[in-house]
Amino acid sequence: MAKQLRWTLNRFHSKRPADLNLSPFQPQTVDRIREFLQSHPAYQETPIHSLKHLAKHLNIHNLIVKDESLRFGLNAFKGVGGLYAMGRVVAERAGLDVPSLSFSQLLEPEVQKKLGELTFISATDGNHGRGVAWVASELGQKSKIFMPKGSSISRLSAIQELGAEVQITDTNYDETVRMCADMAKENDWIIVQDTSWTGYEEIPLWIMQGYSVLAAELFEQLQAAQMASPTHIILQAGVGSFAASVAAYFTNRFPEHSPRIILVEPGAADCFFRSFTTHDGHMEEIKGDLATIMAGLSCGVPNPYAYRLLKNLAHASFSCADSLSALGSRVLGNPLSDDHRIISGESGSIPIGLLYYLRTTEEGAEICKALSIDDQSRILCISTEGDTDPSFYRDIVWKGYHSNLPAYSEIIK
Ligand SMILES: Cc1ncc(COP(=O)(O)O)c(C=O)c1O
């Protein structure tokens, strides 16, 4: 079979370096954030599924998948970040007490009067912008969303349906972010971005703290099901905010025996992988179109804060061909026996596609040895989106798009 991946152990991994501040992801802090999210009427924990037959097929002890397609009716996890961050921005503007905040307070007439008309702006491949547009409409405010070149029209329509003004730019994701930051400055709009840069750190951190609620749910769900803690968590990375918040939460929960964190990215946008393979671990940026079917992971510049965390917390990093993501969607969409069926879109399914490859190929067997993945492993994956581009999802699962498993060298520049 043609080569599908490149990978590296992370030489910069350290257990708990003294200068790594994980306090924003302490369970008590995250519990308070969760209380705020719970005060929104649409909040519901997303389910976890133990895929017993697939675990047996892959010769691992168990495989848990959390299905984020059911989050707030938005078909992806991103709303947890937007809701907390935007709720907090608005609360602070209105002078409300954040720790005891509830969503309904934000809708009170005197709060709305104090706030006046606000405009939120954001760059997105689809899911983050959909979350921002949804929260803006829930708050009775405006949003302007910009999508990079090549973005899916159905993802654009889903954002428009939430009342946002949406445009596709002629540049990549990272350039689109910069454009939005400039427009926000010029027009006094509020930029809600899921990545940080010098002088813009607070909102991205709140977004990441919102994501960690998902990790807190997971932790409790595993406990409630009396499942032992995972040995490995495979996390997909775009700018890395999602992976860093889940990794930080689980490290706080298991400071002595934290699960091995395995990062996975598309080969066309593998900025973490490339950074981990530099001699000194500096952050690498990738330019160009970053063309991959994993739209949510098509980011060439890591969030520097997330990078700092993951440089310390990740054990290994994978750079994968699109065909492994397509494989993951097909595996989850066509379960073995009575395993639960999970509809997982391109950025949601890559951890499962990677795991499947690692457990079913000769090349994978060697890598599994190096990562201590064996018949005792308890592996956790998060399907971060459903079929956010439904017709493309069908092209993959029904028509077999990207099943040709092209040579990795054809994809990686
Ligand atoms: C479905 C999905 N999964 C994962 C990610 C990765 O999140 P991050 O960019 O924080 O690494 C994204 C980002 O947009 C996404 O949309």
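Given the structure is predicted, the values throughout are model-derived calculations rather than measurements.

Enquirer: Please give an account of the sheet that holds strand 9 (residues 260–266) that cites residues and values.
Expert: Taken in spatial order, the seven strands of this open sheet run 1-10-9-8-11-3-2, and their pairing is mixed. What marks the edges here is a single partner per strand, and that holds for strand 1 (5–9) and strand 2 (48–50). Between one strand axis and the next, the sheet turns through 20 degrees on average, direction left out of account. Looking at chain direction, strand 9 and strand 10 (residues 314–320) are connected through six bridges and run parallel. Within strand 10, the position partnered with Pro-266 by the bridge is Cys-320.

Enquirer: Outline the nonpolar core, listing residues and values.
Expert: Core analysis: the biggest nonpolar cluster contains 129 residues, and Leu-235, Val-246, Ala-247, Leu-263, Leu-310, Phe-318 and Leu-354 have the highest contact counts within it. For this core, the element with the highest residue contribution is helix 8 (residues 202–224), accounting for ten residues. Per-domain counts for this core show at least three residues from each of domain 1 (5–76 + 203–411) and domain 2 (79–201). Not counting the four nearest positions on each side in its chain, Leu-263 is found in contact with Leu-235, Ala-237, Ala-243, Phe-272, Leu-310, Ala-314, Ser-317 and Phe-318.

Enquirer: Go over the site of the ligand with me, naming the residues and quoting the values.
Expert: Around the ligand there are 21 residues in total, and Gly-238, Ser-241, Gly-296, Thr-384 and Glu-385 lie nearest to it. Listed by contribution, the elements that provide at least two residues to the shell around the ligand are helix 5 (127–138) and helix 9 (241–253). In terms of residue class, the shell around the ligand is built from seven nonpolar, ten polar and four charged. Two domains each put at least three residues into the shell around the ligand: domain 1 (5–76 + 203–411) and domain 2 (79–201).

Enquirer: Can you tell me about the domain arrangement of the chain, naming the residues and giving the values?
Expert: By domain assignment, the chain separates into domain 1 (5–76 + 203–411) and domain 2 (79–201). When each unit is reduced to the centre of its C-alpha atoms, the spacing between domain 1 and domain 2 is 24 Å. Taken together, the contact pairs 42 residues of domain 1 with 36 residues of domain 2. When contributions to the side of domain 1 that touches domain 2 are tallied by element, the ones reaching two or more residues are helix 1 (27–38), helix 8, helix 11 (304–313) and helix 15 (390–397). Ranked by residues supplied to the side of domain 1 that touches domain 2, first place goes to helix 8 with eleven residues.

Enquirer: Kindly report on unusual backbone geometry, identifying the contributing residues and their values.
Expert: For Asn-59, which is not a glycine, the phi torsion comes out positive at approximately 55 degrees. The backbone of Asp-188 sits at a positive phi, close to 60 degrees, despite the residue not being glycine. Relative to the assigned elements, Asp-188 resides in the loop between helix 7 (173–187) and strand 7 (190–191). In this structure Asp-188 comes out as exposed when scored by C-beta crowding, with 8 C-beta atoms within 10 Å.

Enquirer: Give a description of helix 5 that names residues and reports values.
Expert: Along its twelve residues, helix 5 runs 17 Å from first to last C-alpha, staying within 8% of the 16 Å computed at 1.5 Å per residue. With eleven of its twelve residues buried, helix 5 lies for the most part within the structure. Taken together, the buried positions of helix 5 are Asn-127, His-128, Gly-129, Arg-130, Gly-131, Val-132, Ala-133, Trp-134, Val-135, Ala-136 and Glu-138. Each element contacted by the buried residues of helix 5 is listed here: helix 3 (79–93), strand 4 (119–123), strand 5 (142–147) and helix 6 (153–160). One or two positions beyond helix 5, positive phi appears at Gly-140, with a value near 75 degrees.

Enquirer: So what's going on with the packing of helix 3 against helix 5? Which residues, and what values?
Expert: Two elements in contact, helix 3 and helix 5, have axes whose closest approach is 8 Å; the angle formed by their N-to-C orientations is 40 degrees. Put simply, helix 3 runs oblique to helix 5. Between helix 3 and helix 5 the crossing geometry is right-handed. Residue-level inspection shows Gly-79, Gly-81, Gly-82, Leu-83 and Met-86 of helix 3 in contact with helix 5, the latter providing His-128, Gly-131, Val-132, Trp-134 and Val-135. Residues belonging to the contact of helix 3 with helix 5 are distributed by class as follows: five nonpolar, five polar and no charged.

Enquirer: Let's hear about the sheet that holds strand 4: which residues, and what values?
Expert: With respect to topology, four strands assemble into an open sheet ordered 6-5-4-7, the strand pairing being parallel. With partners counted over all chains shown, the strands left at the sheet margins are strand 6 (165–168) and strand 7, one partner each. Sheet analysis places strand 4 next to strand 7, joined by two bridges and oriented parallel. Each residue of the ladder has a partner; that of Ile-121, found in strand 7, is Ile-191.

Quick notes on the rules
Residues numbered from 1 in each chain as written. Predicted model: local features only at pLDDT ≥ 70, side-chain atom pairs only at ≥ 80, totals over all residues. Pairing = 2+ DSSP bridges. Helix = DSSP H or I, 4+ residues; strand = E, 2+ residues; numbered from the N terminus. Axes fitted to C-alpha atoms, helices over the stretch in contact; angles between N-to-C directions. Core = buried A, V, L, I, M, F, W, Y, C linked by C-beta atoms within 7 Å. Buried ≥ 20, exposed ≤ 12 C-beta atoms within 10 Å, placed from the backbone. Domains from an automatic or database assignment. Contact = placed C-beta atoms within 7 Å. Near = placed C-beta within 6 Å. Nonpolar A, V, L, I, M, F, W, Y, C, P; charged D, E, K, R; others polar. Expected span 1.5 Å × (residues − 1). Parallel < 35°, antiparallel > 145°, perpendicular 65-115°, else oblique. Left-handed = near helix turned anticlockwise from the far one by under 90°.

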